Amino acid sequence: MTDLISLKGVQKYYGDYHALRDIDLTIRGGEFFSLLGPSGCGKTTLLRVIAGFEEVSDGTVVLSGRDMKGVPPNERPTNMVFQSYAIFPHLSVAQNVAFGLRKRKDIDKASRKSLVEEALKMVGLAGYGDRRAHALSGGQRQRVALARALVLKPKVLLLDEPMSALDRKMREHMQVELIRLQRHVGITFVLVTHDQEEALVMSDRIAVMFEGEIGQVDEPEALYRRPKSRRVAEFIGKMNFLPARVTGIGPGATPVARPAAQDEVVPGRIPQSRAAVKLSGLMRRGGEPAADTPATPGEAMISLDIAGLGQAQVPMHQAPEGAREGEVAVGVRPETLAILFEGDQAPRHECPGTVDEVVYYGDMTYYDVRVKDVPQPLTIAMKNLMGRPVLEVGQSCRIGWDDRALVVF
Ligand SMILES: Nc1ncnc2c1ncn2[C@@H]1O[C@H](COP(=O)(O)OP(=O)(O)OP(=O)(O)O)[C@@H](O)[C@H]1O
Ligand SMILES: [Mg+2]
């Protein structure tokens with residue numbers, strides 16, 4: 001796949017304010033790419049730089065192999081859905097959607113009509129064509145803005161929080177529609193969101209941004225399972241952190257057999273089965289045990305002594321350089337820990353604990369469990385399987401954990 005978008009050394013200043021700091025980023029043709037980060041981190045600015053609404057202070061933006069310096073937005077192969085979706089209130093829904101098509105001499109009135117209908121159907125607004133735009137709800141207006149961009153079938157669609165005004169159900173519906181559309185039409189999507197679940201569910205790759213910088217670019221699973229820094233780990237999902245000390249480095253993996261991956265991911269094309277799994281909610285309703293990061297025979301391992309948990313061996317690629325000696329922190333996701341119930345498989349490691357807090361979600365229960373010598377209670381996510389009891393505060397329990405799921409910082 002070719003690089004469709006390539007940013008090199010991009011800097012953006014608003015006066016003295018440094019909004020984008022040395023951004024290097026490539027996005028491939030046909031990719032579903034997300035920019036994820038807290039409010040004010042520069043997501044919209046980065047999108048506007050790609051679309052040509054902002055000039056860079058330094059660095060280059062190359063689209064389809066062409067340097068975009070001085071190229072205005074309307075001459076770029078991009079189309080942007082703005083965070084504040086401005087639709088024309090005095091026009092009808094259909095006129096709004098058809099707006100950009102009018103300039104296209106190659107599209108006659110009849111095809112324009114059918115393209116508009118197709119786009120409205122896509123966003124769940126079939127039959128709304130004649131409605132005045134001012135007589136729509138906020139979520140419906142947002143969908144009109146989306147249809148207006150989709151109808152033009154640009155090479156790159158830049159979406160700035162296009163689903164923020166939709167309720168949960170509608171948002172999930174639109175997520176499915178957007179993935180489908182992207183898969184069939186092959187448009188490259190760059191989606192801005194501050195909703196981590198949305199980014200994980202939808203994207204081929206995600207860039208996590210903080211304060212004008214990119215913290216990590218990776219596929220959703222890699223980002224979730226092997227965050228490269230503590231701030232990425234803290235931003236994506238929940239993670240327990242424990243103090244630890246590196247006691248040795250070297251080969252010594254106990255190889256773990258793992259079935260061959262059933263559906264390898266080709267960037268830009270999410271296999272049906274995978275998309276279905278993703279859309280059912282990767283994290284909240286995620287299974288257990290979640291992490292089984294495989295150890296390859298002879299793979300270098302890092303040995304640790306973890307506060308309260310004791311000795312562990314972690315694959316080297318889960319410990320970034322700079323975290324391979326001395327005092328470190330170990331990260332462990334709630335769903336990679338388990339409270340052991342009768343009949344459960346023997347874990348690689350176990351230790352006793354006491355339930356400190358119970359939060360019941362229906363399908364899941366989140367426990368905070370105190371473990372001797374662990375400074376903070378450990379958060380553990382358990383699926384509420386049939387017949388499995390929900391423990392109460394103060395009860396003693398046994399915790400199972402697997403050192404292959406740990407990440408070192
Ligand atoms: N035109 C401008 N002039 C001065 N500062 C600006 C301008 N536009 C954005 N900024 C500042 O740049 C920073 C990044 O803004 P940006 O809109 O890119 O954030 P964001 O990540 O999209 O946030 P949000 O999730 O809230 O939309 C913010 O601190 C913002 O105040
Ligand atoms: Mg924004």
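What you see is a predicted model, and the numbers here were worked out from it, not measured in a lab. Within every chain, residues take consecutive numbers counted from 1 along the sequence as written. Labels follow written order: the first chain is A, the first ligand is 1, and so on. Where local features are concerned, this predicted model is filtered to residues with pLDDT of at least 70; where side-chain atom pairs are given and counted, the filter is 80 or more; whole-chain, interface and lining totals use all residues.

1. A few points about the overall build of the protein chain
The condition is simple: Each helix is a run of H or I in the DSSP string that is no shorter than four residues. Each strand is a run of E no shorter than two, and both are numbered from the N terminus. For the exposure call, what matters is how many other C-beta atoms sit within 10 Å of a residue's own: 20 or more marks it buried, 12 or fewer exposed, and in between partly exposed, using C-beta atoms placed from the backbone. Here contacts are defined at the residue level, using C-beta atoms placed from the backbone and a cut-off of 7 Å between them.
When helices and strands are counted, the protein chain shows nine helices and 20 strands. Here the protein chain, with 409 residues, has 38% of them falling under the buried criterion. Expressed as a percentage of contacts within the protein chain between residues at least 6 apart in sequence, the contacts between residues at least 24 apart total 71%.

2. Re the sheet that holds strand β2 (residues 17–28)
Convention followed: At least two DSSP bridges between two strands are required for those strands to pair. Axis angles are defined between N-to-C directions and span 0 to 180 degrees, where every axis is a line fitted to C-alpha atoms and, for a helix, only to the segment in contact.
A sheet is described by the order of its strands in space; here four strands give the open sequence β2-β1-β4-β5, paired in antiparallel fashion. What marks the edges here is a single partner per strand, and that holds for β2 and β5 (66–67). Strand direction decides the pairing type here: strand β1 (residues 3–14) and strand β4 (residues 58–63), joined by five bridges, are antiparallel. Looking at β4, one finds that Ser6 is bridged to Val62. Along the sheet face, helix α1 (residues 43–51) touches β1, β2 and β4 and points at about 60° away from the line of β2.

3. Overview of the site of ligand 1
Note the cut-off: By definition, a residue lies near a molecule or strand provided its backbone-derived C-beta atom is within 6 Å of it. Under the scheme applied here, ten amino acids are nonpolar (Ala, Val, Leu, Ile, Met, Phe, Trp, Tyr, Cys and Pro), four are charged (Asp, Glu, Lys and Arg), and all others, including Gly, are polar.
Contacts to ligand 1 come from 13 residues, most closely from Tyr14, Ser39, Lys43, Thr44 and Thr45. Among the secondary structure elements, those contributing two or more residues to the shell around ligand 1 are β2 and α1. With three residues, α1 is the largest single contributor of residues to the shell around ligand 1. The class makeup of the residues in the shell around ligand 1 is four nonpolar, eight polar and one charged.

4. Focus on the sheet that holds strand β10 (residues 213–218)
Spatially, the six strands line up as an open sheet ordered β6-β7-β8-β3-β9-β10, and their pairing is mixed. Strand pairing shows two members of the sheet lacking a second neighbour, β6 (78–81) and β10, which therefore form its edges. Within this sheet the neighbouring strands show an average axis-to-axis angle of 15°, counted without direction. The sheet contact formed by β6 and strand β7 (residues 156–160) spans four bridges and is parallel. Its bridge partner lying in β7, Val81 is registered against Leu159.

5. Let's talk about the nonpolar core
Just so we agree on the cut-off: Nonpolar cores are built from buried Ala, Val, Leu, Ile, Met, Phe, Trp, Tyr and Cys residues. These are joined into a set through C-beta atoms within 7 Å.
In this structure, Val97, Ala147, Val190 and Val408 are the most contacted members of the largest nonpolar core, which totals 103 residues. If one sorts the elements of this core by residue count, helix α4 (residues 138–150) sits on top with six residues. In this view, Val190 contacts Ile27, Phe33, Leu35, Leu47, Ile50, Val156, Leu158 and Leu159; residues no more than four positions away in its chain are not counted.

6. Quick word on the pairing of β7
The buried count for β7 comes to five of five residues, which makes it a mostly enclosed element. Of the two faces of β7, the one carrying Val156, Leu158 and Asp160 and the one carrying Leu157 and Leu159 are both buried. Relative to strand β8 (residues 188–193), β7 runs parallel, the two being bridged by five bridges. Its bridge partner being in β8, Leu158 is matched across the sheet by Val190.

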